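# An overview of the molecular structure
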Amino acid sequence: MDATGLELVAQRVRDGVGENSVVSTSFFRRQATLEVAPASVRDVLEHMRDRDEEPWEFLSSLHGCDYLPDEPRLGIHYQLLSMERLDRINVKTRVGVEEPVVPSVMDLYPTANHQEREVYDMFGVVFEGHPDMRRILMPEDYEGHPQRRDFPIGGEPVLFTYNEKKLPNWYG
Amino acid sequence: MADVKGASYRERERSITIDIAGDEPIIGTDVATGADLEPEHELMTINLGPHHPATHGVLRLLTTIEGETVTDIKPIIGYVHTGIEKSCEDQQYWKAITFVERMDYLSYYFNAAAFCMAVETLLEEEVPTRAQYLRVIHMELNRIASHLFWIATAALDIGAVTMLWWGCRDRDMVLDLFEMSSGQRLHTRYFQVGGVFEDIPPGFERKTREFIEAMPARLDQYAALLDRNEIWLRRNKGTGIVAVEQLLELGVTGPLLRAAGNPWDLRKAMPYSCYEDFDFRIPVGTVGDNYDRYRVRLAEVRESLTIVEQALDGLPEGPWITSNRKVALPPRHELATSMEALIHHFKLVTEGFRVPPGEAYVPIESPRGELGCFVVADGSAKPARVHMRDPSFVNLQALAPMGEGGLLADFIASIAMLDPILGGIDR
């Protein structure tokens, strides 16, 4: 994938999904990134998996990040891989923390199941249409989304036998 | 969040429908609808783990069984979640290496390599060839150590205690080598941004060649012990089969995918770190059952041995870390004579190096599959986000299709053959 190839992919996505689906493209350190509108993520990935002339059949990773202080804050990255063309592309979308909702791609790529749950757990992004949207790594009664940049490191009391009854939300 | 599947796992947990008294006919209750089940459809929900040796750490599996047949598996993870990714955001780049190594604790060289390569991509830092070769040597030795520990514990799950001693005995030889080159046996922190920490010491090459010499005979011993072992074959032949299409949909990579016949290996497909210089083969399976997974991993050990040998043969002379003083520490002896070296040393140790803003995703082939490191830099000396695409975390999703419909005892073998490392899953 080079910068020209990325523009061609972006143009095909615009033609296939809609003019407003692609927000921007960037080619940085030889890695191609296609930023798309959050509402059309699923349509774009469906297009890229099924209808594009260069299909991307494998979702190798899905991760979130927090761009604080930039707006919109949260980013969701879909690292697509083509095992035939030996190529990768990063599809990313950005949502604000006020309404962090993007459509789930689990029906397109079943591997997204655990990874979408992890992004929900860590960043609070709700994937609409995911059949089992609940926390995966943090305790189920945990409050907050710890990977957000405004979530402090530390400050959480360590659970021991002597203090477990005094700590809120842990015992009983 | 509402659970559209009906019963939340807390409810499922309570749905143990066995009748202790025994004089009444056993009638289970369907948790979702509340209706009585037919007696012959009686299901029992049991917890496998989290604290059980066969779960390879603290993996908890909420398993529904009907008699001896597994009908449903729900993995519940997070018991060793320590927030390493969050902690990395509070560390300078060169200090975060220590953290990422502790994710997948059996393949620490790979974690460090993925992270360092991601940071090098952001810095556009060239790594000297000798450093690339040294990285390959250590990564392949680490792959051998990881597979040896896997065979030791996997065979233990099926009852072959001898294999535990043999696997750990031979892994110890690799750990001795790690101790020689870095001073540590585990979590060596040998890889640095821009190269490796130190050149290999005198005697390392000789000891490594001795290991390469000794290992094939050991692998033959394993094969003699296991290949025609009745229990081993009964548990592994024809069990845990998942179609290769489903594995790809689930994002499974590594030996699991190769055992199903797909020769996808990043070392060959998209070479990094000078892997294109080495001549090695990709072992693949045919059926994709647990036995193939075992054979593929043992064959990979043999291939790794040849890679290490080739890397030792072709090890070029030269620096083992980049000469860019903005990234790598100056040699110790320069500090006494050079003011600039002293300043660089001071800056690196106190502030660390700054990385220009941007984001990079670098995948490498770990013993368990594609290990990707995603780093977002915001221009400061600390990463804004470090995310590891851990192969165990993704591969774990294949556990349910591997076990469902089979015997519970075969399912234990399938867990072992999946080779999940909970430190990597929970991070």
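Residues numbered from 1 in each chain as written. Chains lettered and ligands numbered in written order. Predicted model: local features only at pLDDT ≥ 70, side-chain atom pairs only at ≥ 80, totals over all residues.

Residue and element names in this part refer to chain B. Secondary-structure assignment places Gln-192 in strand E4 (residues 191-192). As for Gln-192 and Ile-97, which are separated by 95 residues in sequence, their C-alpha atoms are 7.7 Å apart. Excluding residues that lie within four positions of it along the chain, Gln-192 makes contacts with Trp-94, Cys-116, Phe-197, Ile-321 and Ala-328. (Helix = DSSP H or I, 4+ residues; strand = E, 2+ residues; numbered from the N terminus. Contact = placed C-beta atoms within 7 Å.)

So, about the sheet that holds strand E3 (residues 69-76) of chain B. All names here are of chain B. Read across the sheet, three strands follow the order E1-E2-E3 without closing on themselves; strand pairing throughout is antiparallel. Either end of the sheet is taken by a strand with one partner, and the two such strands are strand E1 (44-48) and E3. The mean inter-strand angle of the sheet, taken between neighbouring strand axes irrespective of direction, is 25 degrees. One ladder, built from seven bridges, connects strand E2 (residues 60-66) with E3; its direction is antiparallel. Residue pairing across strands places Glu-66 opposite Thr-69, the latter belonging to E3. (Pairing = 2+ DSSP bridges. Axes fitted to C-alpha atoms, helices over the stretch in contact; angles between N-to-C directions.)

Another point: the interface of chain A and chain B. Every contact between the two is made by 30 residues of chain A and, on the other side, 38 residues of chain B. Listing elements by their share of the side of chain A that touches chain B, those giving two or more residues are strand E3 (58-66), strand E4 (74-82) and helix H3 (112-123) of chain A. With seven residues, the top contributor of residues to the side of chain A that touches chain B is E3 of chain A. For the side of chain A that touches chain B, the class distribution of residues is 15 nonpolar, 11 polar and four charged. (Nonpolar A, V, L, I, M, F, W, Y, C, P; charged D, E, K, R; others polar.)

Our focus in this paragraph is the environment of Thr-111 of chain A. Structurally, Thr-111 of chain A is set in the loop between strand E6 (101-103) and H3. Between the C-alpha atom of Thr-111 of chain A and that of Ser-60 of chain A, which follows or precedes it by 51 residues, the distance is 8.3 Å. Apart from the residues within four sequence positions on either side, Thr-111 of chain A is in contact with Leu-59 of chain A together with Glu-249, Leu-250, Gly-251, Val-394 and Gln-397 of chain B.

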